[in-house]
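# Geometric and topological summary
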Amino acid sequence: RTVTGGPLGPGPCPTGAHRQVTAEQLRARGNALFQAGDHGAALAVYTEALSLSDAAAERAVLHRNRAACYLKLEDYAKAEADATKAIEADGRDVKALFRRSQALQQLGRLDQAVTDLQRCVSLEPRNKAFQEALRALGSSMHEKVGRGAMSCTDSKVEQMFQILLDLDEKDADKKQKAAQNLIVLAREEAGAEKIFQSDGVRLLMQLLDTAKADLMLAALRTLVGLCSGHRSRTTAILSELGAPRLAAVLGVEHEQVSLAACNLLHVMFDSLKEGLQKDFRGKEDALVLDSSKDLKLLIKHLLELLVLEGASAHGRDNALNLLIKVVPRKSPKETNNSLSLWVIDQGLKKILEVGSTVCGSLGSLPVTENTRMSTSVLLSKLYEDLKCDAERENFHHLCEDYVRSWFEGHELPGKLRAIQTVSCLLQGPSDAGNRVLELEGIMDSVLSLCASVTEAHQLVAVEALIHAADKAKRASFITANGVNLLKEIYKHSERDSIRIRALVGLCKLGSAGGTDFSMKQFAEGSTMKLAKQCRKWLCNEAIDAGTRRWAVEGLAYLTFDADVKEEFVEDKAAMQAMFQLAKSEDRSVLYAVASTLVNCTNSYDHEEPDPQMLELAKYAKQHIPEQHPKDKPEFVKRRVRKLLTAGVVSALACMVKSENPALTNSCRELISRVFLALVEEAEDRGGVVAQGGGKALIPLSLEGTEVGQTKAAQALAKITITSNPEMAFPGERIYEVVRPLVSLLHLQRTGLENFEGLMALTNLAGISERLRQKILKERAVPMIEGYMFEEHELIRLAATECMCNMAMSKEVQEMFLAEGSDRLKLMVLYSGEEDEKLRRAASGTLAMLTSLHPPICKRIPQVTVHWLEILQALLLSPSAELQHRGAVVVMNMMAAAREVAEQLIASEMLEILSVLAKDKEKPRVAQAAQESLAHAVAYGLIKPNPGHA
């Protein structure tokens, strides 16, 4: 039953179930109320009908009708929301599209309104109402950009500042609305320029100086609009506000204000670094010649904020995060690393000052649980940005000098600061950490302080020992000197915070053999006991999260052992506790969680050893790695299922959302590996998508290490192959998937990655022209063509099927007619191959091309002398599908031109078509053959058969 009706008329007579009849009756009543002008009552009736209706089509009509009511009631946001729901059900619903465009126009989102109207015109090109609305909206947009918008903002700006700066104004809602309007106004160029020209910066400075959080937030968010993409305005604002003031706001106690200041500074950095975009570039470059001084001024104050005692802990974290984002080069292709060198020269000591902070000690800087990790990441980024040995040697000397300055002559507090610095460096640029660890007396101090009776001192030393144990250079020394000490601490310490860290040290040393079953450091069963204790601590909520994090660190090492993996996935409480920690504010746990999950899912790289090399190794009595029996595929598959049931996907999705520096590229790669393991089985993919896995994979596939991006892209491909892409990646998200999938076609990818990328792109190319255009824009077509020549039959087939769907695009059709191109020849020849699947894909492409682009029909006889023989073989094939495709190609060629039809009829084709035209068992083939013969009759090439129906 087709559901019709709406505000313009009642629906059909009610039929069906009682619930459905009631909904339809209500809709008819709503229509009558709407026509009578009682829009509020109509809205209420439509809403009631929605609560009773289950039919998707009927619900779409009700949403469309409610949108009409909301438009009349001038509630444009709700009108847009309801119209969108109707469009989601039917993208060709012109009424819903038109109503949404009206709502968007009133909401000021003119670009989106134009898009909807253009869609209406394309669906109903003769509808004059749509054409007129589109013209009127175009004029309105020009006015908005011009003086109309500017004059409108004049009084608004003045009025908003008056409300915000009026100390006697007690109406909080009024102030909030004024602040929101100011922020929105600043997002548009005309509004931003008006605020700037109306002495806005001075007034915004007054708002900042009120020290009231809501007013400060309004000022900072408005300044973001003023600075976005505008270098000269940014320079002027920086000059007027002053870098010290901005740094001071970043360091305030109020967390939201500090974060807003961080966002503003990030926008300012981007504007200063990249200059203006689009139309403003020429004008702006003339005004501002060099912004490096401004950049360095801001960075200088951020570095000073790091060691400012009055700065808040989260302000310090935000400063570190900013430095991570704006100082190192974005890509090794950029040659200029002068900003990193300047920061190392001017501020490395200040950064190390934060990294060396011992919590709770006299005069220590306020820090959060994330500060140390952020400092390590910044140090690592700076070190990675160095280009030559001389630059790295300078970095090492500065670190060594800093550690010596604390270690020598400062008694115990100085030694603690020195050891804490070593820990920080080992977690970041480990080469620098190893160098300072080798300074005279450092390792001895670490070992002696491990036995300290003061908890804070012991914590610092044990953590340093753990980080040192992670590095191969020191592991043998620590195994000889530190294992017994760690065992003693673990057995006899009364403090859980110390015991748990000692246990992690033992875990690290005990996992030195990795996944090699034959290389175990400890006695049988010891690893299992350590893992059991880790799980016990992990589940103990009485222990603070910072300490419980170390239990995950332990499991990250112990889960190299397959017995530990098996026990861990059986312990649902431990898994849930770990996932909760992954979602907590302490982001330093991310890497340990990801490592544990990589181990449990066996998603690390492991190459199968060459059998011949194994025999040689045995003969030479060399060590041969052994796989644990419980690391076989059936065990891994079972572990993956248990992790999925425990909610691993939502934890991973939450981890990916983190903006924290702890989400390093290495960490992103581990998460991508886990996701790929989770979607290995087709039946699990729907669940992964439903819990947010598809959404989380997109950013992972676009940023991080090359391996991580490829693993995430492959996971996206697997989902796209077996799921409905429009449901897996709703809305605009589906277009974001194209680039990662195209990246799988690069030559350095494996054959499996190529194959899965092609299969996924085939699915996308069959959905819409917009998606095909996106694939074209990503320059995928030459790569798809390349794989059509691939020796591997499955890759060749996948590429041909992908090209078949891409051929629906006009641009691709034109490529088949390009001079000097063998594309069409290849497709004709593939239609005659022995491989039936390849023939089906190629002949399907020919059927598509000849239907959509008739000039191709004339070209086919010119590309190969075998064309006629190949078409005849298709028509004589035992496969009905191949016969139908061949018949469609012949029918299109007959219709295209008389000379082509003559060539076809002059051959045995006439006899074949005459037989097929009478085949009642294959009606589609018969119809195509009959149409071909009808064209021959029309050309006068054959006489009509009076006996043929």
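For clarity, every value in this text was computed on a predicted model and none was experimentally measured.

## So, the overall build of the protein
Counting its secondary structure elements, the protein contains 56 helices and zero strands. Going through the 949 residues of the protein one by one, you find that 52% of them count as buried. Of the roughly 44,200 Å² of accessible surface on the protein, a fraction of 52% belongs to carbon and sulfur atoms.

## A few points about the UniProt feature "repeat: TPR" (unreviewed entry) in the protein
Here the UniProt-annotated "repeat: TPR" (unreviewed entry) positions come out as residues 94-127. The straight-line gap between the two end C-alpha atoms of residues 94-127 is 11 Å; of that span, 79% is helix and 0% is strand.

## Digging into the nonpolar core
Residues F395, I671, F675, L678 and L904 are the most contacted members of the largest nonpolar core, which totals 266 residues. Membership of the second largest hydrophobic core comes to 16 residues, among which are L26, L50, C69 and L71.

## Observations regarding the pattern of salt bridges
Close approach of charged atoms allows side chains of opposite charge to pair. The tally for this structure, following the rule as stated, stands at 42 salt bridges. In this structure, the salt-bridge partner of E80 is R109, at a minimum N-O distance of 2.9 Å. Here E80 is found in helix α4 (residues 76-89), whereas its partner R109 is found in the loop between α5 (94-106) and α6 (110-123), with 29 residues between them in sequence. As a salt-bridge pair, R245 and D209 come within 2.6 Å of each other at their nearest N and O atoms. Pair noted here: R245 is in helix α14 (residues 243-250) and D209 is in helix α11 (residues 200-209), with a separation of 36 residues, a long-range link.

## A closer look at the confidence of the model for the protein
Summing up the model confidence of the protein, the mean pLDDT is 83 and the portion of residues at 70 or higher is 88%. Here helix α16 (residues 281-287) stands out as the element of the protein with the lowest mean pLDDT, 40, in contrast to helix α43 (residues 738-743), whose mean of 94 is the highest. For residues 145-150, every residue scores under 50 in pLDDT, and the model assigns this stretch five contacts once sequence neighbours within four places are set aside. Confidence drops under pLDDT 50 across residues 512-521; counting only partners more than four residues distant or on other chains, this segment forms 23 contacts.

## Here we look at the side chain of T375
When you line up the elements, T375 lands in helix α20 (residues 371-384). Setting aside chain neighbours within four positions, we find T375 in contact with L320, I351, V354, G355 and C424.

## Describing the packing of aromatic side chains
Tallied over the full model, the rule gives three aromatic pairs. Consider the rings of F98 and F130, whose centres lie 5.3 Å apart with planes at 40 degrees: the pair is tilted. Taken as a pair, F98 in helix α5 and F130 in helix α7 (residues 128-145) lie far apart in primary sequence, 32 residues in all. The ring centre of Y490 lies 4.9 Å from the NZ or CZ of R499, which sits over that ring.

## Re the side chain of H301
Mapping H301 onto the fold places it in helix α17 (residues 292-306). Filtering out sequence-adjacent residues up to four positions away, H301 remains in contact with A243, P244 and A247.

## A short note on the layout of surface pockets
Here the second largest pocket defines a volume of roughly 1,200 Å³. For the lining of the second largest pocket, the secondary-structure elements that each account for two or more residues are α4, α5, α6, α42 (733-736) and α45 (769-777). Of the residues contributing to the lining of the second largest pocket, the split by class is ten nonpolar, seven polar and twelve charged.

## What to know about the environment of W406
Looking at the element boundaries, W406 is found in helix α21 (residues 389-407). A sequence separation of eleven residues divides W406 from R417, and the C-alpha atoms of the two residues are 6.4 Å apart. In this structure, W406 is in contact with E353, G414, K415, R417 and A418, ignoring residues within four places of it in sequence.

## Some points on the packing of helix α51 (residues 855-863) against helix α53 (residues 880-896)
Running from N to C, α51 and α53 point in directions that differ by 105 degrees, and their axes come no closer than 8 Å. Put simply, α51 runs roughly perpendicular to α53. Two secondary-structure elements touch here, α51 through C857, K858, I860 and P861 and α53 through V889, N892, M893 and A896. When the residues that make up the contact of α51 with α53 are grouped by side-chain class, the tally is six nonpolar, one polar and one charged.

Conventions used here
Residues numbered from 1 in each chain as written. Predicted model: local features only at pLDDT ≥ 70, side-chain atom pairs only at ≥ 80, totals over all residues. Heavy atoms only, no water. Helix = DSSP H or I, 4+ residues; strand = E, 2+ residues; numbered from the N terminus. Buried < 20%, exposed > 50% of the residue type's maximum accessible area, 1.4 Å probe, protein only. Areas by Shrake-Rupley, 256 points an atom, 1.4 Å probe, with all protein chains shown as cover. UniProt positions renumbered as here; feature names shortened; annotations may be inferred. Core = buried A, V, L, I, M, F, W, Y, C linked by side-chain atoms within 4.5 Å. Salt bridge = Lys/Arg side-chain N within 4 Å of Asp/Glu carboxyl O. pLDDT = per-residue confidence, 0-100. Contact = heavy atoms within 4.5 Å. Phe/Tyr/Trp six-rings, centres within 6.5 Å; stacked < 30°, edge-to-face > 60°. Lys NZ or Arg CZ within 6 Å of the ring centre and 35° of its normal. 1 Å grid on protein atoms, 1.4 Å probe; cavity = no way out; pocket = protein on both sides within 12 Å on 5 of 7 lines; lining within 4 Å. Points joined across faces, edges and corners; volume = space filled by probe spheres on them. Nonpolar A, V, L, I, M, F, W, Y, C, P; charged D, E, K, R; others polar. Axes fitted to C-alpha atoms, helices over the stretch in contact; angles between N-to-C directions. Parallel < 35°, antiparallel > 145°, perpendicular 65-115°, else oblique.

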